[in-house]
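Summary of the model geometry
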Amino acid sequence: MSYKVEILKGALKQIKKLSPELQERIQVRIDKLATEPRPNGVKKLKGRENAYRIRVGNYRIIYDIFDDILLVNVVEIDHRSQIYKNES
């Protein structure tokens, strides 16, 4: 059972701003979400129904899981000091 992983436009723009080494590390973690959308260390975010986050060093990947249609949407990628400031 494999999930389809989609990176939303905003998250893609955030990835492109990072160093090539960091982009590679983040892309590897995103690719692994297709086979295991809830890996070890994943945290469920409060206040949002399907939202989860994983850590990649000092960066966070926030994504939504839709089990009924086997879809993972990567919503946001940013430094840990900035990722939660946009949410209200």
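Here the structure is a predicted model, which means the values were calculated and not measured.

With respect to the overall build of the protein
Regarding its fold elements, the protein presents two helices and five strands. Starting at the N terminus and ending at the C terminus, the protein contains elements arranged as β-α-α-β-β-β-β. Relative to its length of 88 residues, the protein is compact, with a C-alpha radius of gyration of 12 Å against a globular reference of 12 Å. Projected onto the principal axes, the alpha-carbon positions of the protein cover approximately 35 × 30 × 25 Å. Across the 88 residues in the protein, those meeting the buried criterion constitute 36%. Accessible area of the protein: about 5,800 Å², with a carbon and sulfur share of 48%. Averaging the positions of the 18 positive and the 12 negative side-chain charges in the protein gives two centres separated by 6 Å.

Points about the environment of Phe66
Looking at the secondary structure, you find Phe66 in strand β4 (residues 59-66). According to the relative accessible area criterion, Phe66 is partly exposed, its value standing at 25%. Along the backbone, Phe66 and Lys85 are 19 residues apart, and their C-alpha atoms lie at a distance of 25 Å. Once residues within four sequence positions are removed from consideration, Phe66 is found in contact with Tyr3, Asn50, Leu71 and Asn73.

Section: the pairing of strand β3 (residues 51-56)
Counting buried positions over the six residues of β3 gives five, a clear majority of the element. Bridging between strand β2 (residues 43-44) and β3 involves two bridges; their strand directions are antiparallel. Across the sheet, the residue bridging to Lys43 is Arg53, located in β3. Linking β2 back to β3 in an antiparallel pair, the connection comprises six residues, with Gly47 at a positive phi of about 85 degrees.

Some thoughts on the nonpolar core
With 18 residues, the main nonpolar core has Ile26, Ile30, Ile61, Tyr63, Val74 and Ile77 as its most contacted residues. Contributing elements (two or more residues each) for this core: α1 (9-16), α2 (20-32), β3, β4 and β5 (71-79). No other element matches β4, which puts four residues into this core.

Comments concerning the pattern of salt bridges
Applying the stated criterion to the full structure yields three salt bridges. Among the salt bridges present, the one from Asp64 reaches Arg48, with a minimum N-O distance of 3.4 Å. Placement of the pair is Asp64 in strand β4 and Arg48 in the loop between β2 and β3, with a sequence separation of 16 residues.

Some points on the side chain of Asn73
Its location among the elements puts Asn73 in strand β5. Contact partners of Asn73, with chain neighbours within four places excluded, come to Glu6, Leu8, Ile62, Tyr63, Asp64 and Phe66.

About the criteria used
Residues numbered from 1 in each chain as written. Predicted model: local features only at pLDDT ≥ 70, side-chain atom pairs only at ≥ 80, totals over all residues. Heavy atoms only, no water. Helix = DSSP H or I, 4+ residues; strand = E, 2+ residues; numbered from the N terminus. Rg over C-alpha atoms; globule rule 2.2 N^0.38 Å. Buried < 20%, exposed > 50% of the residue type's maximum accessible area, 1.4 Å probe, protein only. Areas by Shrake-Rupley, 256 points an atom, 1.4 Å probe, with all protein chains shown as cover. Lys, Arg positive; Asp, Glu negative; His and termini not counted. Charge placed at Lys NZ, Arg CZ, Asp CG, Glu CD. Contact = heavy atoms within 4.5 Å. Pairing = 2+ DSSP bridges. Core = buried A, V, L, I, M, F, W, Y, C linked by side-chain atoms within 4.5 Å. Salt bridge = Lys/Arg side-chain N within 4 Å of Asp/Glu carboxyl O.

So yeah, pure geometry; function would need other evidence.
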